[in-house]
Amino acid sequence: MSDQARKQAKARRDGALSDPIFRSGAPGASLRRNVDRIRAALRPETASIRRRAVAALLLATIGSLVFASGAFADFFTPESGGSPNADQIDSLYKIILYIAIVVFVVVEGALFYSLWRFRAKKGAVAAQIHGNTRLEISWTVGAALILVALAAVTFSKLSSIQDPPNSDPDGLELADGVLTASVDMPRPPNGRALVICVSGRQYIWRYTYGADCRRNPFGLVYSYEEMVVPAKTTVVLDIEATDVIHSWWIPKLGGKFDAVPGYKNYTWFKAPKAGETYVGQCAELCGRNHADMTARVRVVTPDEYTAWLDQQRRDIADADRQVQELRRELFSDGDLN
Amino acid sequence: MATTDFATRPVPQVLAHEVHAERTRARWIDWLTTTDHKKIGIMYIVSSFAFFLIGGIEALLMRVQLAVPNNNFLTPEHFNELFTLHGTTMIFLFVVPIMAGFANYFLPLMIGARDMAFPRLNALSLWLLLFGGIVFYASLLWQPPEAGWFSYTPLSNEMYTPSGGQDAWIFLIHITGISSLVGAVNFYATIVNMRAPGMGWGRLPLFVWTILIYALLLILALPVIAGAVTMLLTDRHFGTHFFDPTEGGSPVLWQHLFWFFGHPEVYIMILPGFGIVSEVLPVFARKPIFGYKAVAASTAVIAFLAALVWAHHMFSVPVPTVVLGFFMLSSFLIAVPTGVKIFNWIATLWRGSIVTASPLYFAAGFIAIFVIGGITGIFLAVFPVDWQLTDTYFVVAHFHYVLMGGAVFTIFCGLYYWYPKMTGRLCSEPLAKASFWVMFVGFNMTFLVQHAAGLSGMPRRVYQYPADAGLTLYNQISTVGSFVLGVGILMSVWNFVRSWKTGAVAGPDPWKGNTLEWFTQSPPPVNNFDEIPRVRSVEPMKDIRRQVERQSGIEHDQVTQPSTTA
Ligand code: HEM
Ligand SMILES: [Cu+2]
Ligand SMILES: [Cu+2]
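What counts and what doesn't
- Residues numbered from 1 in each chain as written.
- Chains lettered and ligands numbered in written order.
- Predicted model: local features only at pLDDT ≥ 70, side-chain atom pairs only at ≥ 80, totals over all residues.
- Heavy atoms only, no water.
- Helix = DSSP H or I, 4+ residues; strand = E, 2+ residues; numbered from the N terminus.
- Rg over C-alpha atoms; globule rule 2.2 N^0.38 Å.
- Buried < 20%, exposed > 50% of the residue type's maximum accessible area, 1.4 Å probe, protein only.
- Contact = heavy atoms within 4.5 Å.
- Areas by Shrake-Rupley, 256 points an atom, 1.4 Å probe, with all protein chains shown as cover.
- Disulfide = S-S within 2.5 Å.
- Patch = residues over 30% accessible without salt bridge, like charges linked within 9 Å, V, L, I, M, F, W, Y side chains within 5 Å.
- Salt bridge = Lys/Arg side-chain N within 4 Å of Asp/Glu carboxyl O.
- Expected span 1.5 Å × (residues − 1).
- Lys, Arg positive; Asp, Glu negative; His and termini not counted.
- Charge placed at Lys NZ, Arg CZ, Asp CG, Glu CD.
- Near = heavy atom within 4 Å.
- Polar contact = N/O pair within 3.5 Å; in protein donor to acceptor, adjacent residues only side chain to side chain.
- Nonpolar A, V, L, I, M, F, W, Y, C, P; charged D, E, K, R; others polar.
- Phe/Tyr/Trp six-rings, centres within 6.5 Å; stacked < 30°, edge-to-face > 60°.
- Lys NZ or Arg CZ within 6 Å of the ring centre and 35° of its normal.
- Donors = N, O, S within 2.8 Å, 3.2 Å for Na, K, Ca; no water.
- Tetrahedral: all angles 85-135°; square planar, octahedral: opposite > 155°, others 65-115°.
- Axes fitted to C-alpha atoms, helices over the stretch in contact; angles between N-to-C directions.
- Parallel < 35°, antiparallel > 145°, perpendicular 65-115°, else oblique.
- Left-handed = near helix turned anticlockwise from the far one by under 90°.
- Buried area = accessible area lost by both parts, 1.4 Å probe.

Let us now look at the overall build of chain B. Secondary structure assignment for chain B yields 16 helices and one strand. Against the globule reference of 24 Å for 566 residues, chain B gives a C-alpha radius of gyration of 24 Å, in line with a compact fold. Taken over the C-alpha atoms alone, chain B extends approximately 80 × 50 × 45 Å along its principal axes. Within chain B, the proportion of its 566 residues that are buried is 65%. Residue pairs in contact within chain B that sit at least 24 positions apart in sequence constitute 83% of those at least 6 positions apart. A total accessible area of about 18900 Å² is found for chain B, and carbon and sulfur atoms account for 68% of it.

In structure tokens:
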């Protein structure tokens, strides 16, 4: 195959070649030239198509970025706002989202552009390219670099998601250096956190309030389904299950942590203000009523929390007493032996 | 230089001579007792497609239940049974076996062999599959399984799921597992031993490469799940406590075993589809695959890495942070060869002369959809982000983008591409394209909004959602979309059924294919080829066509086109 034939093939592909016969000084040539010029003006040159495509691509990218950071962001990002770890996850998610949008636009753009641009036309000839090692290596490395960057961002944000911070000064007053039940439980730097044990069972969540809740739950205050917590206070959850696997999840307070029988799992949150109630539900299939295993976290002021705790303690004691009395009555009546 | 268009250029008609076996038995006995890889392939494809339709009906029932908040169309029990049946069916009775069906039919043809290495084992694989599927579905008459397709313990233990449906599920895993394992050994032996003269590893069609890796992954992963479900069975009935936390067993052990199988399973489902697309794109772009070596090598790299990423399904389980980090990085790593394939496919289209026939539509639609599934996969690999996303509708959307987009669109691509070879008839192109667009729109409508539903807090596997959770609109769009998708699928089904008898006669090579299955008649005779040609490149049919052209004196620019190899 000659060089010239190759050039011709390329020229035909680009649609840039008009029959050379009309370029000569033959009669009618100037008219032909004019027609050609007009035709060329009507049919935009390939180069400018390419330029326009690139511009459109850039515009689309920027457009979607702007769009994404505005209205789009809330609808296409995780829930947040109830705790710093949820906010950090949300911001990490957004970083990935921005990179993802660029990758999406570039890849889909290249796909649709080539489908449209290179569809079979009369006289079009496919370029017989078998590959290009340098190009292939560079996109492999490019993809890898994006992922290295993502890994770096993730690890740099990790401690703000995993490690509980100190409570705010106006949070609940906690005793100094409370010894918590387990050595692997995450703790704020000053060691002071409100510990609540979360226990999943078919199909309800039970909460036990107090540092020693796992080892010695007797006599501690507990509640079902609704957890009450003080605002501005770091709350560490010690999560377990008594029957099958469940998963603790309040979207606005952070990620999911599975409650696995025989294992311990931990998470934490720190709600910024009182008066909010955050809802969630069990996220791991646990049986037929899995959909009904809901959970609520009601945030109150530290004072209200202390008051609630006292009230709940009294209520539980009252209920216990009533049960005891009932048992005694039934026993003396001979109904219960 | 003459430019003959591909469409008008005469195609060399290379025909094998048909051998007629004397017919002594009824036709149906022929089908029951056959060891012919083509008949077995067709039975595989037809029966697994039937399971696909059953799984689709189950999906639509679930979507009806979720169409409005607090719906009571289904009881929670039935909902749990439906997603368990649906997931299990789609994976074990549809995607994995239909890929085996394609491999059965086309692997021997593509490598120029007359049958599989072990034809009788091949028949055994098929009948085991059908047997497993029928027994599994027989549980409908009693009590179907309801612990989800990954049947986490302790929920799947006897104490919490006493019904025999769970045992039917275990049975299904065992039987289809043996079926796949036997099939995998057969594919492996066939590829290694029965290639046409001249077909070295560098000339193996890319679909055959992916089937080779598919077979290796099955051989790696299936024994693990077989062991795990056996342990579950003995836990349930024979007093062992492997997974029972009250007796010192570990529910997390089940998860490790399951996902050590489960993640390679994802690639088992998707790699053959990659292979189909890698065959179809060059044929319709009239251009060699871009970077054959990279595409083949990335398949092998994916298979290796697939065994190192299983715990990314377990990020919310109590495991140490180093483990989380390791599995995030390994999952990132596997994204690289997957991305490389996508770039290679697009580069294959680049500067081609793309014939927009129906197989190309499905191949391009697959890439468009799979890119989204791949990108959401990166979100899920970042474990702190996964803590928000796992077990929500975001994950449901992600894996349907990968499986429905990745596997189903490639399966339809393969069906349209090879239908003329299997039946000798062409499908209706306008109907195929209409079906594509309806499926494409319906699919995106069903699953795109599910990302948003998951991000707004909707967990997966819930049979109801409250009216005030802001989830109603998403679910309504999704339900309408699923019916659009269903209509699109039925349009193709109708196309396949109708064209069986009435389609235009296809001839041996309607698409001007590159690989040897197009060298013989459509449908191929019992012995496939009278003469097996010597293979000189990855695209033997191109060489053969060129040779015939040269001998018959038809000049064509294809022949003299420069090839720029780097
Ligand atoms: C035909 C269109 C399809 C629709 C409308 C559909 C719909 C659904 C729905 C509604 C669920 C239940 C989600 C939940 O409640 O958590 C589901 C689950 C699932 N689907 Fe599909 N699906 C389709 C196709 C497929 C295909 C082709 C596959 C696989 C190749 C597949 C694999 C799965 C799996 C593995 C599950 C999870 C089951 C489980 O949670 O145990 N689906 N699908
Ligand atoms: Cu649950
Ligand atoms: Cu995986």
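From this point, things continue past the structure.
Tracing the sequence through the fold places L329(B) in helix 9 (residues 321-349). Judged by its relative accessible area of 39%, L329(B) is partly exposed. The spatial distance from the C-alpha of L329(B) to the C-alpha of I98(B) is 32 Å, given a sequence separation of 231 residues. With residues up to four places along the chain from it excluded, the contact list for L329(B) reads A151(A) and F155(A).

For S179(B), the position within the fold is in helix 5 (residues 164-193). Apart from the residues within four sequence positions on either side, S179(B) is in contact with Y44(B), S125(B), L128(B) and L129(B).

Let's shift gears to the state of the cysteines. Residue and element names in this part refer to chain B. The tally for this structure, following the rule as stated, stands at one disulfide over all chains. Left without a disulfide partner, C427 is nearest to the cysteine sulfur of C413, which lies 13 Å away. By relative accessible area, C427 is classed as buried at 11%.

To continue, consider a nonpolar patch on the surface. Together, F118(B), L121(B), L124(B), V185(B), Y188(B), L216(B) and I219(B) make up an exposed nonpolar region whose accessible area comes to about 540 Å². Sorting the residues of the nonpolar patch by element identifies helix 4 (119-138), helix 5 and helix 6 (206-237) of chain B as the ones contributing at least two each.

So, on to helix 9 of chain B. Residues and elements named next belong to chain B. Spanning 29 residues, helix 9 covers 43 Å between terminal C-alpha atoms, matching the ideal 42 Å at 1.5 Å per step. A large share of helix 9 lies buried, amounting to 21 of its 29 residues. R351 lies just past helix 9 and shows a positive phi near 65°.

On the surface, E325(A), E329(A), D333(A) and D335(A) cluster together into a patch of negative charge. Among the secondary structure elements, E329(A) is positioned in helix 6 (residues 302-332).

On to the site of ligand 1, then. Residues and elements named next belong to chain B. In the vicinity of ligand 1 there are 24 residues, among which H86, W149, H400, R460 and R461 approach most closely. One of the side-chain N or O atoms of Y393 is found 3.1 Å from an oxygen atom in ligand 1. The side chain of H400 places a nitrogen or oxygen atom 2.8 Å from a nitrogen atom of ligand 1. Within the residue set of the shell around ligand 1, elements represented by two or more residues are helix 2 (37-65), helix 3 (76-110), helix 12 (393-423) and helix 14 (472-502). Split into classes, the residues belonging to the shell around ligand 1 amount to 16 nonpolar, five polar and three charged.

Evaluated as defined, the whole model comprises 74 aromatic pairs over all chains. An angle of 45° between the planes, with centres 5.2 Å apart, marks the rings of F443(B) and F447(B) as tilted. Linking F443(B) with F447(B), this pair stays in helix 13 (residues 429-455), spanning four residues, or about one helical turn. Under the relative-accessibility criterion, F443(B) is labelled buried at 0%. By relative accessible area, F447(B) is classed as buried at 8%. The cationic tip of K256(A) hangs over the ring face of W249(A); the distance from NZ or CZ to the ring centre is 3.9 Å. One residue, R195(B), lies across the ring of W201(B), its end atom 4.1 Å from the ring centre.

Right, let's get into the coordination of the copper ion (ligand 3). Residue and element names in this part refer to chain B. The coordination sphere of the copper ion (ligand 3) contains the protein donors H263 (ND1), H312 (NE2) and H313 (NE2), at a distance range of 1.6 to 2.0 Å. Here the donor residues of the copper ion (ligand 3) are spaced in sequence according to H-x48-H-H. Within this pair, whereas H263 is found in helix 7 (residues 251-285), its partner H312 is found in the loop between helix 8 (292-306) and helix 9, the two being separated by 49 residues in sequence. Using a relative accessible area of 7% as the deciding quantity, one classes H263 as buried. Classification of H312 by relative accessible area gives buried; the value is 16%.

All names here are of chain B. Those donors, H86 (NE2) and H400 (NE2), are the protein atoms that reach the iron atom of ligand 1, and they lie 2.0 Å from it. Coordination at the iron atom of ligand 1 is octahedral, judged from the six donor atoms that bind it and the angles of 87 to 179° they form at the metal. Linking H86 in helix 3 with H400 in helix 12, this pair joins segments that are 314 residues apart in sequence. Across this residue pair, the class does not change: H86 and H400 are buried.

Time to look at the side chain of Q388(B). Inspection of the secondary structure puts Q388(B) in helix 11 (residues 383-389). A residue is classified by how much of its surface remains accessible, and Q388(B), at 3% relative accessible area, is buried. A polar contact is formed between the side chain of Q388(B) and the backbone oxygen of G254(A), at a distance of 3.3 Å. Residues in contact with Q388(B), not counting those within four places in the same chain, are P78(A), E79(A), A86(A), I89(A), W249(A), P251(A), G254(A), G255(A) and K256(A).

Below, the discussion takes up the packing of helix 12 of chain B against helix 13 of chain B. Residue and element names in this part refer to chain B. It is the contact of helix 12 with helix 13, at a shortest axis distance of 7 Å, that shows an interaxial angle of 165°. Between helix 12 and helix 13, the angle falls in the class roughly antiparallel. Helix 12 and helix 13 meet at a crossing whose hand is left-handed. For the contact of helix 12 with helix 13, the per-class residue count stands at 19 nonpolar, eight polar and no charged.

Further remarks concern the interface of chain B and chain A. At the junction of the two partners, chain B supplies 99 residues and chain A supplies 84 residues. Summing both partners gives a buried area of about 7900 Å² for chain B against chain A, and 69% of it is carried by carbon and sulfur. Three residues stand out in chain B for area buried against chain A, namely R351(B), W387(B) and Q388(B), and they jointly supply 10% of the buried area on that side. Here chain B is connected to chain A by two salt bridges. Here E77(B) and R288(A) are joined by a salt bridge, their closest N and O atoms 3.6 Å apart. Summed over the shared surface of chain B and chain A, the number is 17 residue pairs in polar contact (both at pLDDT 80 or more). If one sorts the elements of the side of chain B that touches chain A by residue count, helix 9 of chain B sits on top with 15 residues. Across the side of chain B that touches chain A, the residue classes break down as 59 nonpolar, 28 polar and 12 charged.

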